[in-house]
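Given next are the chains, with one letter for each unit.
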Amino acid sequence: ATTGLQLSTDEKKRRYVIFRLLSMNGLDPVEYELRFGDGLKNDFLPELSALTEEGCAEHIKGKIHLTPLGRQFSEQAVRIFYSPDVIARVEGYEHV
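Here is a short report on the structure shown in this document.

How each quantity is defined
Residues numbered from 1 in each chain as written. Predicted model: local features only at pLDDT ≥ 70, side-chain atom pairs only at ≥ 80, totals over all residues. Heavy atoms only, no water. Helix = DSSP H or I, 4+ residues; strand = E, 2+ residues; numbered from the N terminus. Expected span 1.5 Å × (residues − 1). Buried < 20%, exposed > 50% of the residue type's maximum accessible area, 1.4 Å probe, protein only. Contact = heavy atoms within 4.5 Å. Bend = angle between axes of the 7 residues up to and from the residue. Polar contact = N/O pair within 3.5 Å; in protein donor to acceptor, adjacent residues only side chain to side chain. Axes fitted to C-alpha atoms, helices over the stretch in contact; angles between N-to-C directions. Parallel < 35°, antiparallel > 145°, perpendicular 65-115°, else oblique. Left-handed = near helix turned anticlockwise from the far one by under 90°. Nonpolar A, V, L, I, M, F, W, Y, C, P; charged D, E, K, R; others polar.

**Here we look at helix α1 (residues 9-22)**
Line of reasoning, step 1. Look at α1: 20 Å from first C-alpha to last across 14 residues, which is about the 20 Å you get at 1.5 Å a residue.
Line of reasoning, step 2. Buried within α1 are the following residues: Glu11, Lys13, Arg14, Tyr16, Val17, Ile18 and Leu21.
Line of reasoning, step 3. Turning to α1, the residues buried within the fold contact α2 (29-36), α3 (40-53), β2 (63-66), α4 (68-72), α5 (74-78) and α6 (84-92).

**Here's the deal with α3**
Since one α-helical turn is 3.6 residues long, residues separated by three or four positions face the same way.
Line of reasoning, step 1. Of all the bends in α3, the greatest, near 55°, is centred on Pro46.
Line of reasoning, step 2. Where α3 is concerned, the buried positions are Leu40, Phe44, Glu47, Leu48 and Leu51.
Line of reasoning, step 3. Buried residues in α3 make contact with α1, α2, β1 (57-60), β2 and α5.
Line of reasoning, step 4. Two residues or fewer past α3, Gly55 is found with a positive phi of approximately 80°.

**Considering the side chain of Ser83**
Line of reasoning, step 1. Tracing the sequence through the fold places Ser83 in the loop between α5 and α6.
Line of reasoning, step 2. The buried category is assigned to Ser83, whose relative accessible area is 4%.
Line of reasoning, step 3. At 2.3 Å, the side chain of Ser83 forms a polar contact with the side chain of Glu11.
Line of reasoning, step 4. Once residues lying within four places of it in the same chain are set aside, the contact partners of Ser83 are Asp10, Glu11 and Arg14.

**Here we look at the environment of Val78**
Line of reasoning, step 1. You can see Val78 is positioned in helix α5.
Line of reasoning, step 2. Given a relative accessible area of 4%, Val78 falls into the buried group.
Line of reasoning, step 3. Residues Val78 and Leu66, twelve residues apart in the sequence, show an inter-C-alpha distance of 9.5 Å.
Line of reasoning, step 4. Look past the residues within four positions of Val78 in its chain and what remains in contact with it is Ile18, Leu21 and Leu22.

**A closer look at the packing of α1 against α3**
Line of reasoning, step 1. Look at α1 against α3: their axes get within 12 Å of each other, and the N-to-C directions meet at 45°. Judged by the inter-axis angle, α1 sits oblique to α3. Like other packed secondary-structure pairs, α1 and α3 cross with a definite hand, here right-handed. Of α3, the residues touching α1 (which contributes Lys13, Arg14, Val17 and Leu21) are Leu40, Asp43, Phe44, Glu47 and Leu51.
Line of reasoning, step 2. Residue composition of the contact of α1 with α3, grouped by class: five nonpolar, no polar and four charged.

Right under this line is the structure:
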């Protein structure tokens with residue numbers, strides 16, 4: 001039996017960014033480009049800028065990390081990377 005969804009390239013990128021931001025290692029733009037062939041800023045500049053401007057993310061030694069404020073509100077902070085499809089699925093989910 002097969003379960004789950006087949007992720008598009010866009011969803012794979014979003015998922016990668018979210019998981020890396022939530023990790024203690026942070027999000028490395030060079031690793032992102034090697035993995036996906038696209039620049040992180042080309043794909044997510046508005047989202048990354050918003051996190052930085054709100055004090056939720058910072059650049060440390062070439063990587064992007066959540067700040068203490070970003071960690072405190074990590075669920076909300078990474079939601080900025082959710083695609084419209086994922087947002088619709090989350091909002092449409094009914095708790096049983």
